[in-house]
Amino acid sequence: MSNQDKYNDVFARTFLINIDELNNLSYHSVTVWDSIGHMLLISAMEEEFDIMIDSEDIFEFSSYKKGKEILKKYSIEI
Amino acid sequence: MEVSGLLSGKICLVTGTGRGIGRLIAERFAEEGGIVYAGARKEGSIDEWAHDCSVKNNTEVIPVYFDITDYEIVKKVIQKIISEYRSIDVLVNNAGVVSHELLGMIRLDNLRGMIEVNVVAVVNLIQLVSRVMARKKRGSIINISSIVGIRGAKGQLAYSATKGAVISITKSAAKELAPGNIRVNSIAPGMIDTDMIHSKTDSNFKDRLAGIGMGRLGRPEDVANACIFLGSDLSEYISGQVLGVDGCSVL
């Protein structure tokens, strides 16, 4: 599975949404991406890519697109 | 003490195991079958004890040396546990500092330092570990507060403020983490018979002892046993609670 597929899969299984809905997804744009959803998303990303994301990056991880930029800092190319 | 494997196979992280209550919590967890990451500050200081404890209980007690206010190192400790066991089932936030200063004599630098250790570092550990627990959608976080965090005490304004904060943190974190099936509870010890209390307690010691319904100081084991209950599945429907371990204290 490519990193792109893994990344999409984490969003899809955390928020139970279709992959074709991901591109414009952002924090609070859907009810499931609330503060608890955010923690679950970060937790799932960390598990999937075997990383620990810094607090500042957790705050910045505000959308599907932004998340890709942040993961680059951890040498994860999406 | 009867051993019944209440923590069998659970991955536990206990901070402040260099002595006193934290040491006993780690020992009792190991006796109950837990795999214990035992936190201490001084490199090498608990190696021998951890080895003996592992052998005696046929489990693993793994020393991890870190200052809980060194947030980079804390992160590395959590990463180490994930790499070795993929999960954390129980976190006991026990490490802390205490001071005895009457109002008017409180050094603000001491107060700030105490808030960093007793409050900020605790929040940091809860944030990090709850994300690990969220992966398995289960876990138990136990924050050691103090009876003075509920009732206050002369000469302990600063300490009681930090322990009151620990109680508030516990209740709020419990509410936020309940949907993820992560429980957060606090234990509020009364006067426990440790080196710390003998070295720090004021001249009103006898008066305060008289205020304990059961007429004796608590033992570190009393606190450890409460931790076992909250860390085990026996308490799987209990969260956001503050359990006093104080011998019916009226302080």
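What comes next is a walk through the structure. (Residues numbered from 1 in each chain as written. Chains lettered and ligands numbered in written order. Predicted model: local features only at pLDDT ≥ 70, side-chain atom pairs only at ≥ 80, totals over all residues. Heavy atoms only, no water.)

1. Thoughts on the overall build of chain B
- Counting its secondary structure elements, chain B contains nine helices and seven strands.
- In terms of overall size, chain B behaves like a compact globule, its C-alpha atoms giving a radius of gyration of 17 Å where 251 residues would be expected to give roughly 18 Å.
- In chain B, buried positions account for 53% of the 251 residues.
- Considering only intrachain contacts with a sequence separation of at least 6, the fraction spanning at least 24 residues in chain B is 74%.
- Summed over its atoms, the accessible surface of chain B is roughly 11,600 Å², and 53% of this surface lies on carbon and sulfur atoms.
- Between the averaged position of the 29 positive side-chain charges in chain B and that of its 27 negative side-chain charges there is a distance of 5 Å. (Helix = DSSP H or I, 4+ residues; strand = E, 2+ residues; numbered from the N terminus. Rg over C-alpha atoms; globule rule 2.2 N^0.38 Å. Buried < 20%, exposed > 50% of the residue type's maximum accessible area, 1.4 Å probe, protein only. Contact = heavy atoms within 4.5 Å. Areas by Shrake-Rupley, 256 points an atom, 1.4 Å probe, with all protein chains shown as cover. Lys, Arg positive; Asp, Glu negative; His and termini not counted. Charge placed at Lys NZ, Arg CZ, Asp CG, Glu CD.)

2. Quick word on helix H2 (residues 47–57) of chain B
Residues and elements named next belong to chain B.
- Burial in H2 covers these residues: Trp-49, Ala-50, Cys-53, Ser-54 and Asn-57. For H2, the angular spread of the buried residues around the axis is 135°, confining them to a single face. Exposed residues pointing more than 90 degrees away from the buried face of H2 are listed as Glu-48, His-51, Val-55 and Lys-56.
- In this structure, the buried side of H2 is in contact with helix H1 (20–31), strand S2 (35–40) and strand S3 (61–65).
- Just downstream of H2 lies Asn-58, where phi reads positive at about 50°. (Arc of directions from axis to C-beta.)

3. So, the nonpolar core
Residue and element names in this part refer to chain B.
- In terms of nonpolar packing, the biggest core is built from 36 residues, with Leu-13, Ile-78, Leu-125, Ile-141 and Leu-177 touching the most fellow members.
- Listing elements by their share of this core, those giving two or more residues are strand S1 (11–14), S2, S3, helix H3 (71–85), helix H4 (108–136), helix H6 (157–177) and strand S6 (182–189).
- A per-element tally of this core places H4 first, with 11 residues.
- In this structure, Leu-13 is in contact with Tyr-37, Val-64, Ile-78, Ile-81, Val-90, Leu-91, Val-92 and Leu-125, ignoring residues within four places of it in sequence.
- Residues Cys-53, Cys-227, Ile-228 and Leu-230 belong to the second largest nonpolar core, which totals 31 residues. (Core = buried A, V, L, I, M, F, W, Y, C linked by side-chain atoms within 4.5 Å.)

4. Remarks on a negative patch on the surface
All names here are of chain B.
- Taken together, Glu-43, Asp-47, Glu-48 and Asp-52 make up a surface patch of like negative charges.
- Tracing the chain through its elements places Glu-48 in helix H2.
- Residue Glu-48 is classed as exposed on the basis of its relative accessible area of 63%. (Patch = residues over 30% accessible without salt bridge, like charges linked within 9 Å, V, L, I, M, F, W, Y side chains within 5 Å. Salt bridge = Lys/Arg side-chain N within 4 Å of Asp/Glu carboxyl O.)

5. Topic: the interface of chain A and chain B
- Tallying the contact residues gives 14 residues for chain A and 13 residues for chain B.
- The three residues of chain A that bury the most area against chain B are Met-39, Glu-47 and Met-52 of chain A, which together make up 46% of that side's buried surface.
- For the pair chain A and chain B, the number of links is two salt bridges.
- Among the ionic pairs, Lys-75 of chain B bridges to Asp-54 of chain A, the shortest N-O distance being 2.1 Å.
- If you list the elements that add at least two residues to the side of chain A that touches chain B, you get helix H2 (35–49) and helix H3 (55–60) of chain A.
- No other element matches the seven residues that H2 of chain A contributes to the side of chain A that touches chain B.
- Of the residues assigned to the side of chain A that touches chain B, the class counts are eight nonpolar, two polar and four charged. (Buried area = accessible area lost by both parts, 1.4 Å probe. Nonpolar A, V, L, I, M, F, W, Y, C, P; charged D, E, K, R; others polar.)

Without other data, these values stay purely geometric and don't point to any function.
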